[in-house]
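Now for the letters of each chain:
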Amino acid sequence: DQQVKQNSPSLSVQEGRISILNCDYTNSMFDYFLWYKKYPAEGPTFLISISSIKDKNEDGRFTVFLNKSAKHLSLHIVPSQPGDSAVYFCAASPYNQGGKLIFGQGTELSVKP
Amino acid sequence: DVKVTQSSRYLVKRTGEKVFLECVQDMDHENMFWYRQDPGLGLRLIYFSYDVKMKEKGDIPEGYSVSREKKERFSLILESASTNQTSMYLCASSSPGLAVPYEQYFGPGTRLTVT
């Protein structure tokens, strides 16, 4: 059973516009949510996170929103740049499981010049 | 600069071979993880370890085992490789004391092909 779901396998946006990547989860017992970015032939790198007690966290061009009632989070990238083209994974950390992460399937973002 | 290294970037093995994938981290992290990444399935946790000589099964441990004899090194073992184990294998490490809770640092991955 997939506890963390990214239902859009791919997304294409124009340079300078907003990219919105979505993630849904089924388990209320998640403590933190993280977004990772992955380029081909490289390991994922951490991008931004949010605690389950917050509803927004912002870092430069990246903002993550958490809607606990809908069990939904989203990553906004504004403005999008060609270098943002990568696969984005959302991940959730269950309470009291010592740092374990459950990942979604990933969304491949393509930012066109 | 934090670093997680994996012994091979690309590996080709035959069905039935015993395969060792090595991972080393230089950050003195307590936790280490092995994932596999497959298209449409994301990253799936195979095994993890909270301490030397300790291991916990992840979501897909069948066909794999692990070894952690030293804090910095976590090995993934495919006892008898099969074609359905062809995948990208990613190692990660983390520590409870990090500034970003639950952040994991990943190695570059090993692309394993079993023929």
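Shown above is the structure to which this text applies.
Engineer: Please provide a residue-by-residue account of the sheet that holds strand β3 (residues 19-25) of chain B, values included.
Structural biologist: Residue and element names in this part refer to chain B. As summarised here, the arrangement of the 4 strands in space is β1-β3-β8-β7, forming an open sheet in which the pairing is antiparallel. Sheet topology places β1 (4-6) and β7 (64-70) at the edges, where each strand pairs with a single neighbour. Here the average twist between neighbouring strands, direction ignored, is 20 degrees. Inspection of the sheet shows β1 paired to β3 by 3 bridges, in the antiparallel sense. In the strand pairing of β3, Gln6 is matched with Cys23.

Engineer: Please set out the state of the cysteines residue by residue, giving values where relevant.
Structural biologist: Under the criterion given, the structure shown has 2 disulfides over all chains. One disulfide bridge connects Cys23 of chain A with Cys90 of chain A, the sulfur atoms lying 1.8 Å from each other. Of this pair, Cys23 of chain A sits in strand β3 (residues 19-25) while Cys90 of chain A sits in strand β9 (residues 86-94), and the two are 67 residues apart along the sequence. Across the pair, exposure class does not vary: Cys23 of chain A and Cys90 of chain A are buried alike. Residue pairing for Cys23 of chain B: its cysteine sulfur links by disulfide to Cys91 of chain B, the two sulfurs lying 1.9 Å apart. Taking the sign of the S-S torsion, -75 degrees for the link of Cys23 of chain B and Cys91 of chain B, the bridge is left-handed. With a gap of 68 residues between them, Cys23 of chain B in strand β3 and Cys91 of chain B in strand β9 (residues 87-94) connect regions that are remote in the sequence. On the accessibility criterion, Cys91 of chain B (0% relative accessible area) is buried.

Here is what the cut-offs are and how they apply
Residues numbered from 1 in each chain as written. Chains lettered and ligands numbered in written order. Predicted model: local features only at pLDDT ≥ 70, side-chain atom pairs only at ≥ 80, totals over all residues. Heavy atoms only, no water. Pairing = 2+ DSSP bridges. Helix = DSSP H or I, 4+ residues; strand = E, 2+ residues; numbered from the N terminus. Axes fitted to C-alpha atoms, helices over the stretch in contact; angles between N-to-C directions. Disulfide = S-S within 2.5 Å. Buried < 20%, exposed > 50% of the residue type's maximum accessible area, 1.4 Å probe, protein only.

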